[in-house]
Amino acid sequence: MSNLETAPAEFACSASQIAGIEVLRPREVPLGGLRAIRVQRTLPQRQRSLIGAWCFVDHYGPVTGPAARMDVAPHPHTGLQTVSWLFSGEVEHRDSARVHARVRPGQLNLMTAGAGICHSEVFVGSGVLHGVQLWVALPDSARHTGRDFVHYTPAAVSLPGAAVRVFLGELADSRSPVETFTALVGAQIDLEPQAVLELDVDPAFEHGALCDLGDLELGGTALRVGDLGYQGPGGTTLRLRNAGPRPGRALLLGGQPFAEELVMWWNFVGRSHEEIVTYRQLWLDGDELFGAVRGYRGRVPRLPAPPLPSTRLLPRPISDRKETG
């Protein structure tokens, strides 16, 4: 998925911290133009840029009809992996590694940009579109790797009052076979009404719980739908509660704190202002670094890069990696 903001830059968003849990509130951004689907973005924010290597969280839907229009023309990426995870609907993916895939609910679709890739995403069908798009920053040792795409369907693990689908890493005695370049966990957690779930977690990890459905609480702190609750490293358990009368659902993201400084702008993850400037120019020039998407039939053949800001791009701070537990 692309960041389609015309002036992507740092921004300030509100956050609250209660009983060791930090709550990141989403901000709404358009995806695909003026009449496009609206998404709720919780990462990155000024006060917290990453959770582990997770560096971008967009939450969208449920929407139907014209409001569900998602037609994202070919656009570039560097230095990251994209994770597509749907709760409902179907999205067609095409990329410059010649992968043509359908993204469906409960199925991990992990694209590795490495040194450079471009891809398109189009909502197909007439159902309900509902899901998340996530980015994972690649460490310096792996960010120039080749293009890749992995598809995986995790089985649901039944727990008292809950079901867990682990698509990356390990949780609740379930392990994904998909390899990652840093220590990560990613899982969908479905909670029955009034259910309480305590999970054993790696104390070296920091975790984020994105509330998708229900009246959820993370460590006793209430989350509204779209909120991302953050729990810092140091704890050995993570407690989720669905306090309401309806089913609840959360997306759990975690990993070891990412210690490398990153420069993130538009759809590029790099290490310096100069790198981002170079990536942008190569995309404008149609350089083979990104390749080309075949078979896309949208309104525009490819997304243009927005203008660079007038000031120098600076690394995302790593000083926000403090423990909050």
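Residues numbered from 1 in each chain as written. Predicted model: local features only at pLDDT ≥ 70, side-chain atom pairs only at ≥ 80, totals over all residues. Heavy atoms only, no water.

- An unreviewed UniProt entry lists the chain under the name Quercetin 2,3-dioxygenase, with Mycobacterium attenuatum given as the organism.
- Of the chain, the UniProt comment under Sequence similarities (unreviewed entry) reads exactly: "Belongs to the pirin family." (UniProt positions renumbered as here; feature names shortened; annotations may be inferred.)

## A look at the overall build of the chain
- In terms of helices and strands, the chain carries 1 helix and 27 strands.
- Burial statistics for the chain: of 325 residues in total, 57% are counted as buried.
- Pairs at least 24 residues apart make up 73% of the contacts formed inside the chain by residues separated by at least 6 positions.
- Split by element, the accessible area of the chain, about 13100 Å² in all, is 51% carbon and sulfur. (Helix = DSSP H or I, 4+ residues; strand = E, 2+ residues; numbered from the N terminus. Buried < 20%, exposed > 50% of the residue type's maximum accessible area, 1.4 Å probe, protein only. Contact = heavy atoms within 4.5 Å. Areas by Shrake-Rupley, 256 points an atom, 1.4 Å probe, with all protein chains shown as cover.)

## Quick look at the nonpolar core
- By size, the foremost hydrophobic cluster in this structure holds 39 residues, and its most contacted members are W54, V83, L108, L134, F167 and L251.
- At the level of elements, β5 (54-63), β7 (80-88), β10 (108-112), β12 (129-137), β13 (148-152), β15 (162-168), β23 (228-231) and β25 (248-255) are the ones that each hand at least two residues to this core.
- In terms of residue count, the dominant contributor to this core is β12 (5 residues). (Core = buried A, V, L, I, M, F, W, Y, C linked by side-chain atoms within 4.5 Å.)

## Observations regarding the sheet that holds β13
- The antiparallel open sheet is built from 7 strands, whose spatial order is β3-β4-β5-β12-β7-β10-β13. Among the strands making up the open sheet, the edge pair consists of β3 (27-31) and β13. The average angle at which neighbouring strand axes cross in this sheet is 20°, direction not considered.
- Here β7 pairs with β12 via 8 bridges, running antiparallel. In the sheet register, L86 faces β12, and the bridge partner there is G131. (Pairing = 2+ DSSP bridges. Axes fitted to C-alpha atoms, helices over the stretch in contact; angles between N-to-C directions.)

## Side note on helix α1 (residues 273-284)
- With 12 residues, α1 extends 17 Å between its outermost C-alpha atoms, agreeing within 8% with the 16 Å of an ideal straight helix rising 1.5 Å per residue.
- For α1, the elements touching its buried residues are β6 (71-77), β11 (117-123), β26 (263-265) and β27 (268-270). (Expected span 1.5 Å × (residues − 1).)

## Here we look at the sheet that holds strand β9 (residues 100-103)
- Strand order across the open sheet formed by 4 strands is β6-β11-β8-β9, with antiparallel pairing between neighbours. Each of the sheet's edge strands pairs with one partner strand only, and the pair in question is β6 and β9. Between one strand and the next, the sheet's axes are offset by a mean angle of 20°, whatever the strand orientation.
- Strand direction decides the pairing type here: β6 and β11, joined by 5 bridges, are antiparallel. Of the residues in β11, the one forming a bridge with P76 is C118.

## Things to note about the side chain of R271
- Inspection of the secondary structure assignment puts R271 in the loop between β27 and α1.
- Take R271: its relative accessible area is 18%, and that puts it in the buried class.
- In terms of polar contacts, R271 uses its side chain to reach the side chain of E260, at 2.8 Å.
- Among residues more than four places away in sequence, those in contact with R271 are L138, P139, D140, R143, F258, E260, E261, L262 and V263. (Polar contact = N/O pair within 3.5 Å; in protein donor to acceptor, adjacent residues only side chain to side chain.)

## Observations concerning the confidence of the model for the chain
- With 90% of its residues at a pLDDT of 70 or more, the chain shows a mean pLDDT of 91.
- Low pLDDT, under 50, characterises residues 319-325; the stretch is placed with 22 contacts to residues that sit more than four places away or in other chains. (pLDDT = per-residue confidence, 0-100.)

## Regarding the pattern of salt bridges
- Under the definition given, this model contains 17 salt bridges.
- Between R38 and E28 there is a salt bridge, and its shortest N-O distance comes to 3.3 Å. Here R38, found in strand β4 (residues 37-43), pairs with E28, found in strand β3; they are 10 residues apart in sequence, far enough to count as distant.
- In this structure R38 comes out as partly exposed when scored by relative accessible area, which is 39%. (Salt bridge = Lys/Arg side-chain N within 4 Å of Asp/Glu carboxyl O.)

## Let's talk about the packing of aromatic side chains
- Scanning the model with the defined rule gives 8 aromatic pairs in all.
- One aromatic cluster is present, built from ring pairs that chain together W265, W266, F268, Y279, W283 and F290.
- The ring centre of F87 lies 4.2 Å from the NZ or CZ of R249, which sits over that ring. (Phe/Tyr/Trp six-rings, centres within 6.5 Å; stacked < 30°, edge-to-face > 60°. Lys NZ or Arg CZ within 6 Å of the ring centre and 35° of its normal.)

## Focus on the side chain of E206
- Following the sequence through the fold, E206 ends up in strand β20 (residues 206-213).
- For E206, a relative accessible area of 0% corresponds to the buried category.
- Of the polar contacts made by the side chain of E206, one reaches the side chain of Y230; its length is 2.4 Å.

## Some details on the pairing of β25
- Within β25, 8 of the 8 residues are buried, which leaves the element mostly enclosed by the surrounding structure.
- Residue alternation in β25 divides its side chains into two sets, G248, A250, L252 and G254 and R249, L251, L253 and G255, and both sets are buried.
- Where strand β18 (residues 184-191) and β25 come together, 8 bridges link them in antiparallel fashion. Opposite L184, over in β25, you have G255 as the bridge partner.

## Remarks on unusual backbone geometry
- Between L43 and P44 the backbone carries a cis peptide bond, its omega angle lying at 0°.
- As for its placement among the helices and strands, P44 is situated in the loop between β4 and β5.
- At the junction of G61 and P62, the peptide bond is cis and its omega measures out at 5° in the coordinates.
- Within the secondary structure layout, P62 lies in strand β5.
- One non-glycine residue, R98, lies in the positive phi region at around 65°.
- Within the fold, R98 resides in the loop between β8 (91-95) and β9.

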